[in-house]
Structures are given as C-alpha cells and as structure tokens.
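Observations on chain architecture
Each chain, letter by letter, is given below.
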Amino acid sequence: MTPHSWLIACGMAAAALGASAQTASFETRSLTPEAALTAARAALEHCRKGGFQVAVAVVDRAGVLQVMLRDRYGGAHTVEMAQNKAWTAASFKTSTAALAAQTQPGKPMSGVRNLPRVIAAGGGRAVEAGGQLLGGIGVSGAPGGEADDACAQAGIAAIADALEF
C-alpha cells in the first residue's frame, strides 16, 4: 500500500466512524398523557352520542398503554380488544381496518392475523403528526368496526391541532 492510498483509507475509515457516531442515537416524539386522555375522552363521547358503550385505549409509539376508559356498560371483552387495536395500529403504523383488508385469507400478508395481539378489524388508528408515529388509539364495543373506527377518528380529531408541528 502506498503512503497516499494509506492516507485515503485512513480518511475513509475516520469518515465512517464519524458518520456512525452521528447516528448512534435518535429522537422520537410521543403523546403526552394529557393528549392521550383528551383523545380517549373525545372518542368515548363520540360513541356515547351514537348510543354505544365502548372501551377506548390509547398507547404510546411503542404500544405501551397510556389511557384506558371503559363506559359503564362496555362489555368486559372491550378492554382487551381496544388495547390490542391501539397496539396493532401503532405497531403496523396503519389503521386496523386497512390491515383487515390487507390480511384477508389468501392474501400474501394473511399470516399476520396469527400473531399475538394483532386485531384485523376496524377501530384502531395510528396517531401521527409531522410524518412521525406518536401512538395509537383503539375503540371496541360499537356495533361493527366502522363505528369503532369513527369513534377512534373523533379522538384523533380532538387533538389534531395540538399535534401539528
């Protein structure tokens, strides 16, 4: 190796080390507990206006539960379903209604439905702002995934202005 090529190799190695040092960490944004509670309350209220007794769960970007609300007569199963819908939406960064369509039997992604906690039914939505995932919201107990989904969307709409950055 010539002295010149050795200097080039050392320079490239130093540049690579410098680049890796710059990317050794990253910053993320997540929902505040206050925003999560506001979204959950708005979703619950939207469902109540429709005459539905539901459970609403809001998770952070990692899928960890931040808020759980269950209306008086929401079924016992709605708590777990709402939390898993929120987890699924955050985990897959998509709505659970979209995931349901993409994972129908016979489709390439159909096996996803067999994973623990995955709920492929409407009512779960990713909470995003500025191109970043902040969390997820899940609703269970309204008659059908479309009604659950409308309540989840109402929850997101209630905090949308606060999320924009």
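Everything numeric in this text was worked out from a predicted model, so none of it was measured.

The first and last C-alpha atoms of helix α3 (residues 77-92) sit 22 Å apart over 16 residues, in line with the 22 Å expected at 1.5 Å per residue. Every buried residue belonging to α3 is among Thr78, Ala82, Asn84, Lys85, Ala86, Trp87, Thr88, Ala89 and Ala90, and all of these are buried. Elements that come into contact with the buried residues of α3 comprise β1 (55-60), β2 (65-70), α4 (96-102), β3 (124-129), β4 (132-140) and α5 (145-163). Two residues or fewer past α3, Lys93 is found with a positive phi of approximately 55 degrees.

Turning our eyes to something else, we now look at unusual backbone geometry. Phi at Lys93 takes a positive value of approximately 55 degrees, unusual for a residue other than glycine. For Arg117, which is not a glycine, the phi torsion comes out positive at approximately 75 degrees. Counting through the fold element by element, Arg117 comes out in the loop between α4 and β3.

What follows concerns the state of the cysteines. Enumeration over the complete set of coordinates arrives at one disulfide. Across the disulfide from Cys47 sits Cys151; the S-S distance is 2.0 Å. Measuring the twist about the S-S bond at about 120 degrees, one finds the Cys47-Cys151 disulfide to be right-handed. Within this pair, whereas Cys47 is found in helix α2 (residues 33-49), its partner Cys151 is found in helix α5, the two being separated by 104 residues in sequence. Assessed through its relative accessible area of 0%, Cys47 is described here as buried. When its relative accessible area of 1% is taken as the criterion, Cys151 is described as buried.

Thresholds applied
- Residues numbered from 1 in each chain as written.
- Predicted model: local features only at pLDDT ≥ 70, side-chain atom pairs only at ≥ 80, totals over all residues.
- Heavy atoms only, no water.
- Helix = DSSP H or I, 4+ residues; strand = E, 2+ residues; numbered from the N terminus.
- Expected span 1.5 Å × (residues − 1).
- Buried < 20%, exposed > 50% of the residue type's maximum accessible area, 1.4 Å probe, protein only.
- Contact = heavy atoms within 4.5 Å.
- Disulfide = S-S within 2.5 Å.

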